[in-house]
Structure formats: structure tokens, C-alpha cells
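Summary of the model geometry
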Amino acid sequence: MAGSRMKLELSRVVQGRSRLGVLKGLGRTGEHSLEVPGCLLHTHVGTVPHLTQDTLHTLSNLPSVTQVTLSNIAEHQDVLEEFKDGFRKFAGLHDTVLYCSLHDPATPCPTGYTTNKTVSVWGSGGRIELTVAKFMALQKTVQPDWYQSMADGETWQNNTSRKRVRKSVDRTLAHLDECLLVHQKSQELEGVEMFGVVEGGDILEERVRSARETAKRPVAGFCLDGLQTGSMDRALRTQLITAVTKELPEDKPRLLQGVGRPDEVLACVEAGVDLFESFFPFQVTERGCALCFSFDISPDPELAVLGLDEERDTAGETQQNGDFNLDDQTQMTSFEINLKDKRYQDDFRPLVEGCGCYCCKNHQRAYLHHLLVTNELLAGVLLMIHNTAHYHAFFGALREALANDKLDLLKRRVLRERGRQT
Ligand SMILES: [Zn+2]
């Protein structure tokens, strides 16, 4: 890590917290960059769900960093060791920076399995217990550009005791120190960056302690863990993130795990978060829905997407439910429409008027409705193309809003539906 090329250049900091900038010098050759606030490309075993690499690359403005998770990879360690050339090549990924995290944010993971010396991940074949030695051996076979250090993140459940939270902070720091020792001695991991993990549950002092101690270590960035959707009250989360980011150095990125809803992303960017995991469009796809919230803040009054907002006022389901269930991420949110609904069977408009994705350019809602009711796999493919495009375009709009002092306008536009509901 002495030879770290990664550099965060901030071009704007709004109200002391929201950060706009570019992470430069990424990847082992240092030729990649990533704009912040931004998100990583979410994958399952290296593949964006439903999409081949060629289909994926019909989309423009994809993030230059792809996320893979040890929970997907750990069970294939033997094969990867035999393969020798790392996971990127194994999965046939195009040129991308590879980030390896511990857990898959789209799959909730059972708790109660961490010990002082081990953490567990769940693959398709069940639980895999990782010691630091095994964890680091895996990183050497995966050969990522970034990875999250081993961490005890089991404090997100309500009623976690102060003692347990303290233990998670201590264990995570101990794991980090052990990982660093192995990392610094390993030739295979030369030029690879490690992210330290900030724990601390819902206890402010522990969060601050975790952030301060982690920041003393030679890490390239920080993962904020245990703050995922459903784990705690949103106001409390914002308060904790604000306190944590104050303790972290300005020149290193902060990645928030497990948060993807647009309204929550906006709140967390305002609290000082730079990077997110992009599992949200995947969850939307899996429930047969399409993202259609508006983030258009151009002064141009054309605003085709506005028509959609009005339409949703008359759409029943999201409104009837009021707010969504915080603990259940499979439930539909107010940022999407449900294409399985009968009202779309003769709706011959694209998912989102003016969207440049393959799906919106070539197909109508009625066709997607038909694919969904007949259980065709193409439904997932087309929805994933659009949802991925829409979500990444939202992050583009977010950066543009920060650059032009229009974050409040963007917030009003994105939160519009929620405001109307209450
Ligand atoms: Zn589209």
C-alpha cells in the first residue's frame, strides 16, 4: 500500500459534507477513475444479473468499478487457485476495477456465526467459515484491485448490546491489523488497496472510536458497515454517518454498504458518503418492477418524465401501503412501477419516455407485462437493462446537481412522490 496510486480529488464540498470529485489512479495500472458520489457495479458471481458482458456494455456511463463478493466466490477457491489468473479473467469481465466485498448486499445473511477468529459467508452450498488466513488466501486467488478487510458486522440488529457492539469494533480492528500484516508481506497483493471497515452499531461513541482507530491504519478507503436499510431509524443513521465522516480523512473515499434507495442515497451523500453498492436496481427487477422516478433538474420544461409522476398519483398500490416496510427489501417502493399490474397490458409507451436504454428504445410496457405474465426470462433482461441505466443516470444527475448547487431541487424532484403520499 506504500505504492498506492489511488487519489481522491474533490472539486466541491457542499455545506461541509456532500463531496463531489473524482477518484483517480484506480486499478493496478492506475488508468481508471471513478466519479463521486457514485456507485459500484453490483454483480452476482461477477455477472450483472441477467446480462452478458456484451448486453451490459450497450449501456453507457457504467461505473469503472465492479463489485464481487466473497460469499459468491469462496466456494470456488480451489478452481480459482488452479486457474491462477484471478477472478476478473475467470469471469470474462471487460476491463474494470474489481472490488471484493465480504457479503452480498442483495442477500441478507444469517447472524450468530462470528467468533473471535472467524467470520462466515453464505454461498450457494451453505456456510463457509473464514479465518484471516483463509480470507487472505482467497484475496490472493481473486486478485481484486480493492477489497474490504475482514470484519465482524453483526451489530445491525435492534437490541444489540453495548458489549456486543464494542466487541465487534475490537474484533474488526484486530482483523484489520492481521490482514494488513499478511497484505504487506504478500507479493501477489502488491498494488492492491484495502478498505478498512467502520463498525459500531447504533452507538455513537463506538462508531467514532471505530472510525478514529481505522483511520490510523494505512487503508485506502473506508466501508461503513451495519447501517443498511432496515437496520435502524433513518435519522439516527444520518446522525451516525455524519459523526463518522467527521473522523475520517478528507482524501480517502467512504463506501456505504447496504443502502440503495434514491431517497436514502441523497440523505447519505449529504452526510458525507461517496460510494454506494448498486444492488437496488436488481431488487427492483426481481419483483417485476421498473424504476421511473424523475431526477430531471434541467431548466428545460419539456420534462417528459413528469407525466409519469402524475400517473403514479392514480396508481393504487404504493399509495395504499403508505410507507414501505423497512425490514423487507423485497417490497415495492414509490420509485418504481409494477409491470405485472394489469393496467400495463395495453400501455404502449416505453418504461420511461426519453430514456435512451435498449429496452425503452425498442419495447413498450405492454410487451414487458406480457413477458412477465408468461414468465419469460427476457423480462428480467430488459428490466435489468433499464433499471441499471436509470439508476446510474440518477447518480449522474446527483453529481450534476452538486456541481451546479441544485441538490435541493434534485431532492424535491426525487422525493416528490413521497411528499404527496403523506
Ligand atoms: Zn430505459
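Residues numbered from 1 in each chain as written. Predicted model: local features only at pLDDT ≥ 70, side-chain atom pairs only at ≥ 80, totals over all residues. Heavy atoms only, no water.

**Structural notes on the overall build of the protein**
Scanning the protein from N- to C-terminus turns up 16 helices and 15 strands. Principal axes of the C-alpha set define a box for the protein whose edges measure 60 × 45 × 40 Å. Taken over 422 residues, the protein has a buried fraction of 56%. Taking the contacts inside the protein whose residues are at least 6 apart along the sequence as the reference set, 70% of them involve residues at least 24 apart. As displayed, the protein has an accessible area near 17,600 Å², and 49% of this comes from carbon and sulfur atoms. (Helix = DSSP H or I, 4+ residues; strand = E, 2+ residues; numbered from the N terminus. Buried < 20%, exposed > 50% of the residue type's maximum accessible area, 1.4 Å probe, protein only. Contact = heavy atoms within 4.5 Å. Areas by Shrake-Rupley, 256 points an atom, 1.4 Å probe, with all protein chains shown as cover.)

**A short note on the pairing of strand S6 (residues 97–101)**
Sheet faces and side chains relate simply in a regular strand, where the side chains alternate between the two faces. Burial of S6 is extensive: five of the five residues sit out of reach of the surface. The alternating pattern of S6 places Val97, Tyr99 and Ser101 and Leu98 and Cys100 on opposite faces, both of which are buried. Two strands pair when backbone bridges link them, and strand S5 (residues 65–69) and S6 are joined in this way by five bridges, in the parallel orientation. The residue of S6 that forms the bridge with Val65 is Val97. Both S6 and strand S9 (residues 146–148) contribute to a ladder of two bridges, which runs parallel. Each residue of the ladder has a partner; that of Tyr99, found in S9, is Trp146. (Pairing = 2+ DSSP bridges.)

**Here's the deal with the environment of Glu250**
As for its position among the elements, Glu250 is in the loop between helix H8 (234–247) and strand S12 (254–256). Assessed through its relative accessible area of 47%, Glu250 is described here as partly exposed. The sequence separation of Glu250 and Leu8 amounts to 242 residues, and the corresponding C-alpha distance is 8.5 Å. Aside from chain neighbours lying at most four places away, what touches Glu250 is Leu8, Leu10 and Arg19.

**Some thoughts on the coordination of the zinc ion**
Only Cys355 (SG), Cys357 (SG), Cys360 (SG) and His386 (ND1) from the protein reach the zinc ion as donors, at distances of 2.1 to 2.3 Å. The site at the zinc ion holds four donor atoms, and with the angles between them running 98 to 117°, its shape is tetrahedral. Between consecutive donors of the zinc ion, the numbers of intervening residues give the motif C-x1-C-x2-C-x25-H. Here the two residues Cys357 and Cys360 agree in accessibility, since each one is buried. (Donors = N, O, S within 2.8 Å, 3.2 Å for Na, K, Ca; no water. Tetrahedral: all angles 85-135°; square planar, octahedral: opposite > 155°, others 65-115°.)

**A short note on the nonpolar core**
Counting residues in each nonpolar core, the largest one holds 69 residues, and the members touching the most others are Leu130, Phe135, Leu224, Leu256, Phe276 and Leu410. Looking at this core element by element, the count peaks at seven residues for helix H15 (residues 377–403). Ignoring sequence-local partners within four residues, the contact set of Leu410 consists of Leu266, Phe295, Ile297, Ala397, Leu398 and Ala401. (Core = buried A, V, L, I, M, F, W, Y, C linked by side-chain atoms within 4.5 Å.)

**So, the sheet that holds strand S3 (residues 32–36)**
The strand order across the open sheet built from three strands is S1-S2-S3, with neighbouring strands paired in antiparallel fashion. The open sheet has two edge strands, strand S1 (7–14) and S3, and neither has a second partner. Sheet twist, expressed as the average angle between the axes of neighbouring strands with direction ignored, equals 10°. Pairing geometry for S1 and strand S2 (residues 18–26), over seven bridges, is antiparallel. Pairing of Lys7 across the sheet is with Lys24, part of S2. (Axes fitted to C-alpha atoms, helices over the stretch in contact; angles between N-to-C directions.)

**With respect to the packing of helix H6 (residues 162–185) against helix H7 (residues 204–215)**
One way to put it is that H6 packs onto H7 with a least axis distance of 10 Å and a crossing angle of 10°. Classified by the interaxial angle, the pair formed by H6 and H7 is roughly parallel. Seen from H6, the contacting residues are Arg162, Val165, Arg166, Val169, Asp170, Leu173 and Leu176; seen from H7, they are Glu205, Glu206, Arg209, Ser210, Glu213 and Thr214. (Parallel < 35°, antiparallel > 145°, perpendicular 65-115°, else oblique.)

**So, unusual backbone geometry**
Trans peptide bonds make up the majority, and among non-glycine residues the majority have a negative phi. Val36 connects to Pro37 through a cis peptide bond whose omega is -5°. Positive phi values are uncommon outside glycine, yet Lys84 reaches one of about 75°. One can find Lys84 in the loop between helix H3 (77–83) and helix H4 (87–90). Take Lys84: its relative accessible area is 60%, and that puts it in the exposed class. Located in the positive-phi region is Gln143, a residue other than glycine, with phi close to 55°. Topologically, Gln143 is positioned in the loop between helix H5 (132–142) and S9.

**Comments concerning the pattern of salt bridges**
Going through the model one piece at a time under the given rule, you end up with 30 salt bridges. The salt bridge involving Glu264 is made with Arg261; its shortest N-O contact spans 3.9 Å. No difference in accessibility class separates Glu264 from Arg261, as the two residues are buried. Taken together, the salt bridges that share partners define one network made up of Arg234, Arg237, Arg261, Asp263 and Glu264. (Salt bridge = Lys/Arg side-chain N within 4 Å of Asp/Glu carboxyl O.)

**With respect to the side chain of Thr214**
Its location among the elements puts Thr214 in helix H7. At 2.5 Å, the side chain of Thr214 forms a polar contact with the backbone oxygen of Ser210. (Polar contact = N/O pair within 3.5 Å; in protein donor to acceptor, adjacent residues only side chain to side chain.)

**Considerations on the packing of H8 against helix H9 (residues 262–270)**
At a minimum axis separation of 9 Å, H8 and H9 run at an interaxial angle of 30°. Once H8 is placed against H9, the crossing between them reads as right-handed. Residues Arg234, Arg237, Thr238 and Ile241 of H8 form the contact with H9, whose participating residues are Asp263, Glu264, Ala267 and Cys268. Looking at the contact of H8 with H9, its residues break down into three nonpolar, one polar and four charged. (Left-handed = near helix turned anticlockwise from the far one by under 90°. Nonpolar A, V, L, I, M, F, W, Y, C, P; charged D, E, K, R; others polar.)

**Concerning helix H14 (residues 365–373)**
Of all the positions in H14, only Arg365, Ala366, Leu368, His369, Leu371 and Leu372 are classed as buried. Backbone geometry just downstream of H14 places Asn375 in the positive-phi region, at approximately 55°.

**With respect to the sheet that holds strand S13 (residues 275–277)**
Spatially, eight strands are ordered S4-S5-S6-S9-S10-S11-S12-S13 in a closed barrel, and the strand pairing comes out parallel. Across this sheet, the average inter-strand angle for adjacent strands is 30°, counted without regard to direction. Relative to S13, strand S4 (residues 38–42) runs parallel, the two sharing three bridges. Bridge assignment links Leu40 to a residue of S13, and that residue is Glu277. Against the sheet, H7 contacts strand S10 (193–198) and strand S11 (221–224), and its axis sits at roughly 160° relative to S10. Along the sheet, H15 makes contact with S4 and S13, crossing S4 at roughly 165°.

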